[in-house]
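One letter stands for each residue in the lines below.
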Amino acid sequence: ALRGGQASARVLGLIRLLADRSGQVILPTRQDIADITDLRFETISRIISNLQRDQLLAPLRITGVHATRSYRLTPAAIA
């Protein structure tokens, strides 16, 4: 399911799998996500930006984790 279908659904599906119960997620590198979902690096960056713009993914500060890798899924994204 992570290698077929709509690109945004594949990335969001992976993010949901990686998120903990509270919706916090530390993402793998963009390149790793691209490899897992069979998409291009640029596509991953665009999708993550769109998820933030659509308020499905919110940046989260976690000490020791690069700012572009830690997020919280909003309730709309979890549903």
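Up top is the structure.
Below is a short write-up of the structure. Being a predicted model, the structure only gives us computed values, none of them experimental. (Residues numbered from 1 in each chain as written. Predicted model: local features only at pLDDT ≥ 70, side-chain atom pairs only at ≥ 80, totals over all residues. Heavy atoms only, no water.)

1. Notes on the nonpolar core
Part 1 of the argument: Ranked by internal contacts, the top residues of the largest apolar core, which has 19 residues, are Ile15, Leu27, Ile44, Ile48, Leu51, Leu57 and Leu73.
Part 2 of the argument: Of all elements in the fold, only helix 1 (7–18), helix 2 (30–37), helix 3 (41–53) and strand 3 (70–73) reach the threshold of two or more residues within this core.
Part 3 of the argument: Dropping the residues within four chain positions of it, isoleucine 44 is found in contact with Val11, Arg30, Ile33, Ala34, Thr37 and Leu39. (Core = buried A, V, L, I, M, F, W, Y, C linked by side-chain atoms within 4.5 Å. Buried < 20%, exposed > 50% of the residue type's maximum accessible area, 1.4 Å probe, protein only. Helix = DSSP H or I, 4+ residues; strand = E, 2+ residues; numbered from the N terminus. Contact = heavy atoms within 4.5 Å.)

2. Some thoughts on the side chain of serine 70
Part 1 of the argument: Considering the arrangement of structural elements, one finds serine 70 in strand 3.
Part 2 of the argument: Leaving out residues up to four positions away in the same chain, serine 70 has contacts with Val25, Ile26, Ala58, Pro59, Leu60, Arg61, Ile62 and Val65.

3. Let's talk about the packing of helix 1 against helix 3
Part 1 of the argument: At a minimum axis distance of 10 Å, the contact between helix 1 and helix 3 shows a crossing angle of 75 degrees. Between helix 1 and helix 3, the angle falls in the class roughly perpendicular. Every residue of helix 3 that contacts helix 1 at Ala7, Ser8, Val11, Leu12 and Ile15 is listed here: Thr43, Ile44, Ile47 and Leu51.
Part 2 of the argument: Of the residues in the contact of helix 1 with helix 3, the class split is seven nonpolar, two polar and no charged. (Axes fitted to C-alpha atoms, helices over the stretch in contact; angles between N-to-C directions. Parallel < 35°, antiparallel > 145°, perpendicular 65-115°, else oblique. Nonpolar A, V, L, I, M, F, W, Y, C, P; charged D, E, K, R; others polar.)

4. Notes on the pattern of salt bridges
Charged atoms that come close allow side chains of opposite charge to pair.
Part 1 of the argument: Tallied over the full model, the rule gives three salt bridges.
Part 2 of the argument: Glutamate 42 is the partner of arginine 40 in a salt bridge, and the nearest nitrogen-oxygen pair spans 3.3 Å.
Part 3 of the argument: Of the charged contacts, one joins arginine 53 and aspartate 54 as a salt bridge, the two residues approaching to 3.7 Å between their closest N and O atoms.
Part 4 of the argument: What makes arginine 53 exposed here is its relative accessible area of 60%. (Salt bridge = Lys/Arg side-chain N within 4 Å of Asp/Glu carboxyl O.)

5. Focus on the sheet that holds strand 1 (residues 24–26)
Part 1 of the argument: What the three strands build is an open sheet, ordered 1-3-2; its pairing is antiparallel. Each edge of the open sheet is held by one strand with a lone partner, namely strand 1 and strand 2 (57–59). When the angles between neighbouring strand axes are averaged without regard to direction, this sheet yields 35 degrees.
Part 2 of the argument: Pairing geometry for strand 2 and strand 3, over three bridges, is antiparallel. Residue proline 59 lies in a different strand from strand 3, and its bridge partner there is tyrosine 71. (Pairing = 2+ DSSP bridges.)

6. Considering helix 2
Turn by turn, an α-helix covers 3.6 residues, leaving residues three or four places apart pointing in a common direction.
Part 1 of the argument: What helix 2 keeps buried is the set Arg30, Ile33, Ala34 and Thr37. Burial along helix 2 is one-sided: seen end-on, the buried residues are contained in an arc of 100 degrees.
Part 2 of the argument: Structurally, helix 2 contributes buried residues whose contacts are with helix 1, helix 3 and strand 3.
Part 3 of the argument: Immediately beyond the C-terminal end of helix 2, within one or two residues, lies aspartate 38, with a positive phi of roughly 60 degrees. (Arc of directions from axis to C-beta.)

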